[in-house]
Amino acid sequence: LNFAPFVPAILLASLVAGVPAGCFTALSAVVIVWWAYMPPTFQFAPLEAADIDRIQLFLLAVSVLIWFSHLCRTIARMRAQ
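These numbers were taken from a predicted model, which means no experiment stands behind them. (Residues numbered from 1 in each chain as written. Predicted model: local features only at pLDDT ≥ 70, side-chain atom pairs only at ≥ 80, totals over all residues. Heavy atoms only, no water.)

Participant: Any details on the overall build of the protein chain? Residues and values, ideally.
Facilitator: Summing up its helical and strand segments, the protein chain has three helices and zero strands in all. Traced from its N-terminal end to its C-terminal end, the protein chain shows the element sequence α-α-α. Computed over the C-alpha atoms, the radius of gyration of the protein chain is 15 Å, more than 25% above the 12 Å expected from 2.2 N^0.38 for a compact globule of 81 residues. Dimensions along the principal axes, computed over C-alpha positions, put the protein chain at roughly 50 × 20 × 20 Å. Within the protein chain, buried positions represent 26% of all 81 residues. Within the protein chain, contacts between residues separated by at least 24 positions form 62% of all contacts whose residues are at least 6 apart in sequence. (Helix = DSSP H or I, 4+ residues; strand = E, 2+ residues; numbered from the N terminus. Rg over C-alpha atoms; globule rule 2.2 N^0.38 Å. Buried < 20%, exposed > 50% of the residue type's maximum accessible area, 1.4 Å probe, protein only. Contact = heavy atoms within 4.5 Å.)

Encoded structure:
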């Protein structure tokens, strides 16, 4: 649940500003969660295997979300022509 608040922000960023903004938002969300939410809090410590798995699953889910928003932007552009 550490990554849940960032999903709408990534969706909005990728819908409004495109794929690079969505990717940057996703990577910055990983860094923020690592720093602020994973113990020890407010420190960068080595990640455990479970934390790495959570990050990988988050990045997988977000990559599908960014791809979907790219498709929506492409369809909207095609309809506008």
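Participant: Describe unusual backbone geometry, listing the residues and the values that go with them.
Facilitator: Here the amide bond leading from proline 39 into proline 40 is cis, since omega sits at -10°, within 30 degrees of zero. Note that proline 40 resides in the loop between α2 (19-36) and α3 (49-80).

Participant: Can you tell me about the nonpolar core, naming the residues and giving the values?
Facilitator: Grouped together as the largest cluster of nonpolar side chains are twelve residues: Phe3, Phe6, Ile10, Ala26, Ala29, Val30, Val33, Met38, Ile55, Phe58, Val62 and Ile66. Every element with two or more residues in this core is listed here: α1 (6-17), α2 and α3. Excluding residues that lie within four positions of it along the chain, phenylalanine 3 makes contacts with Ala29, Val30, Val33, Met38, Arg54, Ile55 and Phe58. (Core = buried A, V, L, I, M, F, W, Y, C linked by side-chain atoms within 4.5 Å.)

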